[in-house]
Amino acid sequence: MDVIGASFHNRFVSDSKGKEPDVLFVGDSLVQLLHEFEVWRKLFSPLHALNFGVSGDATQHVLWRLINGELDYISPKVVVLWVGTNNHGHTPEQICGGIMAIINVIHQKLPHAHTLVLGLLPRGKNPNPLRERNASVNALVQAEVVSLSHVSFLDVDPGFIHSDGSILHQDMYDYLHLTQQAYQRVCQPLYERIKSLLDKQAP
Amino acid sequence: MSAEENPAAEPAPVIDVQGDGRWMSQHNRFVQECKDAEPDVLFVGDSMVQLMQQYEVWRELFSPLHALNFGVGGDTTCNVLWRLQNGELDNIRPRVVVLWVGTNNHEHTADQVAGGILAIVQLLLSRLPKCKIIVLGLLPRGEFPNPLREKNAAVNNLLRTSLPQLGPVQLIDVGGGFVHSDGTISSRDMFDFLHLTASAYRTISTSLHELLLQLLEETPQERRASLV
């Protein structure tokens, strides 16, 4: 893990010692950047959420972080997991395997938490192999978790792909990362789902 | 240093290795924007430029100046040079160009990076003879002191004296204040110790905005007839 990665990891571990989050977001830049926009303050801060997103992370990086301290001092009720789009060179089966490995670690360390896995979004301006790969990952993960009571899958794509197959830069300014307006569309249903999971778990 | 000697001054597109062609899609969009828009200000560079447009501050301070944003995450001086030579300066006559690039030039020395930035400035001056240029200094990066901070500072030092010699070009260093007395950078300013938060963009934008207003006032608008 490089120097920048170490900085995040150490800060996340030490952050977690002081806080008692009900919700933990973990994943890649789609998670990390969410923290920088107004939507985080409006919807997720009030839920006592922590953000452990690291730009560029693939499943193996997230797995490492969670095994090595980031879950050790907290007991969130819901863990939102959003990772996989950066797993370049891996097959959909491998990426699904990586996501399942993360889910298992979360369950081991936090037996009472519910993991909400978010579907990978389409990417690129026009149809391309990565869209197919991400869609395959989603189908595989969805099938794997359907029988697990402590996990659920949520497809957060509000319909980014238009009828001509294109994604607009008004939604993804670089055809991968979300604009503020796109985050609003993704986060409203996400918020509703998290709230209902928290309500189910309330003592 | 000529282009043959300086790899940072060699124009080069980003090759799509991931499979979704995003870099070229962004470039093509910018070329199209040049056909539709008449910007007074052009921002060009890497993610430091691109991300600025995602925050409120862009709409409040820079959109009203009729600014276009041609930032692409990950770009080096080579990539920006290629983009500007391949359509991103066609059909537009911005009065001011804001250039912010260099922090991603990992294969190059400080001397080479400065040379790459100078090459971009020379291209801008030759294509846009009446325009003024603001080069933003490279920011410190990383949570703790590290070699990239030294390298970026060295690039800025090299540019400070060499830029004004090329023409109406100046270096603005907006990095002061990010490094605390203990040598650390806070994640409240750079959420990943590289990219700026909304509040940090606000801090650096005030002086940049004032400078832009000043330069725009000094640079008369070209009348449409003279563009033919």
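Naming follows an unreviewed UniProt entry, where chain B appears as Platelet-activating factor acetylhydrolase IB subunit alpha2 of Cyprinus carpio. In UniProt, chain B has this text filed under Sequence similarities (unreviewed entry): "Belongs to the 'GDSL' lipolytic enzyme family. Platelet-activating factor acetylhydrolase IB beta/gamma subunits subfamily." Quoted verbatim from the Subcellular location (unreviewed entry) field of UniProt, the annotation for chain B is "Cytoplasm".

For chain A, an unreviewed UniProt entry supplies the name Platelet-activating factor acetylhydrolase IB subunit alpha1 and the organism Cyprinus carpio carpio. Annotation of chain A in UniProt includes, under Sequence similarities (unreviewed entry), the sentence "Belongs to the 'GDSL' lipolytic enzyme family. Platelet-activating factor acetylhydrolase IB beta/gamma subunits subfamily." Under the UniProt heading Subcellular location (unreviewed entry), the entry covering chain A gives this text: "Cytoplasm".

Enquirer: What should I look at first to understand the interface of chain B and chain A in this one?
Expert: The extent of an interface is frequently quoted as the accessible surface area lost upon association of the parts. Between chain B and chain A, the residue contacts involve 19 residues of the former and 22 residues of the latter. When chain B packs against chain A, close to 2,000 Å² is buried across both sides, 56% of that on carbon and sulfur atoms. Its largest share of buried area at the contact with chain A, chain B owes to B:Arg22, B:Gln54 and B:Phe191, together 28% of the area lost on that side. At the boundary of chain B and chain A, one finds two salt bridges. Residues B:Asp20 and A:Arg123 are paired through a salt bridge, measuring 2.6 Å at the closest nitrogen-oxygen approach.

Enquirer: Would you mind showing me how to read the nonpolar core here?
Expert: Here is a general trend for soluble globular proteins: nonpolar side chains tend to be buried in one another's company. Formed by 67 residues in total, the largest nonpolar core has its most connected members in A:Phe25, A:Phe44, B:Phe43 and B:Trp100. In contact with A:Phe44, other than residues within four places in its own chain, are A:Phe25, A:Leu34, A:Val39, A:Ala49, A:Cys187, A:Leu190, A:Tyr191 and A:Ile194. Residues B:Ala9, B:Leu84, B:Leu89 and B:Val113 belong to the second largest nonpolar core, which totals 39 residues.

Enquirer: I keep staring at helix H4 (residues 77–85) of chain B and nothing clicks. Help me out?
Expert: An α-helical segment advances 3.6 residues per turn. Residues three or four places apart therefore align on the same side. All names here are of chain B. Counting buried positions along H4 yields eight of nine residues, so the element is predominantly enclosed. Every buried residue of H4 is accounted for by Thr77, Cys78, Asn79, Val80, Leu81, Trp82, Arg83 and Leu84. Its buried side turned inward, H4 meets helix H1 (22–36), strand S1 (41–45), strand S2 (67–71), strand S3 (96–100) and helix H5 (110–127). Of the residues flanking the end of H4, it is Gly87, one or two places downstream, whose phi is positive at about 120°.

Parameters at a glance
Residues numbered from 1 in each chain as written. Chains lettered and ligands numbered in written order. Predicted model: local features only at pLDDT ≥ 70, side-chain atom pairs only at ≥ 80, totals over all residues. Heavy atoms only, no water. UniProt positions renumbered as here; feature names shortened; annotations may be inferred. Contact = heavy atoms within 4.5 Å. Buried area = accessible area lost by both parts, 1.4 Å probe. Salt bridge = Lys/Arg side-chain N within 4 Å of Asp/Glu carboxyl O. Core = buried A, V, L, I, M, F, W, Y, C linked by side-chain atoms within 4.5 Å. Buried < 20%, exposed > 50% of the residue type's maximum accessible area, 1.4 Å probe, protein only. Helix = DSSP H or I, 4+ residues; strand = E, 2+ residues; numbered from the N terminus.

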